[in-house]
Amino acid sequence: MNTKGLDYTALAIVIIGAVNWGLIGFFRFDLVAFLFGDMSLLSRIVYAVVGVCGLYLLSAFGRVLSTGE
């Protein structure tokens, strides 16, 4: 099964999440909360999607290690 598109999409979402965490750490600025509201339904969905993509990429990391790429 070719999951390359899903891998790249998940990677892009996790990178966006990492940038948000960098903004929080360096500047105390939460971009997701700024755009969608502090813990609104939409911001919670965004946080959940980033988390699910991070977990998915753990499995992608395992696939890469097992294939030797």
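Here goes a summary of the coordinates provided. All figures in this text were calculated on a predicted structure; none of them were measured in a lab. (Residues numbered from 1 in each chain as written. Predicted model: local features only at pLDDT ≥ 70, side-chain atom pairs only at ≥ 80, totals over all residues. Heavy atoms only, no water.)

**Details of the packing of helix α1 (residues 4-27) against helix α3 (residues 41-67)**
Where we set the bar: In this description, a line fitted to the C-alpha atoms serves as the axis of each element, helices being fitted only across the stretch in contact, and the angle between N-to-C directions of two axes falls anywhere from 0 to 180 degrees. Secondary structure counts use DSSP, requiring at least four H or I residues in a row for a helix and at least two E residues in a row for a strand, with both numbered from the N terminus. We call two directions roughly parallel when the angle between them is under 35 degrees, roughly antiparallel when it is over 145, roughly perpendicular when it lies between 65 and 115, and oblique otherwise. Should the near helix be turned counterclockwise from the far one by less than a right angle, the crossing is left-handed, whereas a clockwise turn marks it as right-handed. Residues are treated as being in contact if the distance between any of their heavy atoms lies within 4.5 Å. Throughout this entry, Asp, Glu, Lys and Arg are counted as charged residues, while Ala, Val, Leu, Ile, Met, Phe, Trp, Tyr, Cys and Pro are counted as nonpolar. The remaining residues, Gly among them, count as polar.
Orientation of α1 relative to α3, taken along the N-to-C sense of each, is 125°, at an axis distance of 8 Å. Relative to α3, α1 is oriented oblique. Once α1 is placed against α3, the crossing between them reads as left-handed. Contacts from Leu6, Asp7, Ala10, Leu11, Ile13, Val14, Gly17 and Asn20 in α1 reach Tyr47, Val49, Val50, Cys53, Gly54, Tyr56, Leu57, Ala60 and Arg63 in α3. Here the residues of the contact of α1 with α3 are counted per class, giving 12 nonpolar, three polar and two charged.

**Digging into α3**
Heads up, the rule is: Helix span is expected to be 1.5 Å times the residue number reduced by one. Throughout this description, buried means an accessible area under 20% of the type-specific maximum (1.4 Å probe, protein chains only), exposed means over 50%, and partly exposed covers the range between.
Compared with the 39 Å implied by 1.5 Å per residue over 27 residues, the 39 Å span of α3 between its first and last C-alpha is a close match. Where α3 is concerned, the buried positions are Ser43, Cys53, Tyr56, Leu57 and Ala60. The inward-facing, buried residues of α3 contact α1 and α2 (31-36).

**Some points on the packing of aromatic side chains**
Our working definition: Centres within 6.5 Å are what make two rings of Phe, Tyr or Trp a pair, Trp counting through its six-membered ring; a difference in plane orientation under 30 degrees is then read as stacked, over 60 as edge-to-face, and the rest as tilted.
Taken as a whole and judged by the stated rule, the model has two aromatic pairs. For the pair phenylalanine 26 and phenylalanine 27, a centre-to-centre distance of 6.3 Å together with 55° between the ring planes defines the contact as tilted. Neither residue differs from the other here; phenylalanine 26 and phenylalanine 27 are each classed as exposed. Judged by centre distance (5.3 Å) and plane angle (55°), the ring pair of phenylalanine 29 and phenylalanine 34 falls under tilted.

**A word on the side chain of asparagine 20**
With respect to the helices and strands, asparagine 20 occurs in helix α1. In this structure asparagine 20 comes out as buried when scored by relative accessible area, which is 6%. Beyond its immediate stretch of four places on either side in the chain, asparagine 20 contacts Phe29, Asp30, Leu31, Val32 and Tyr47.

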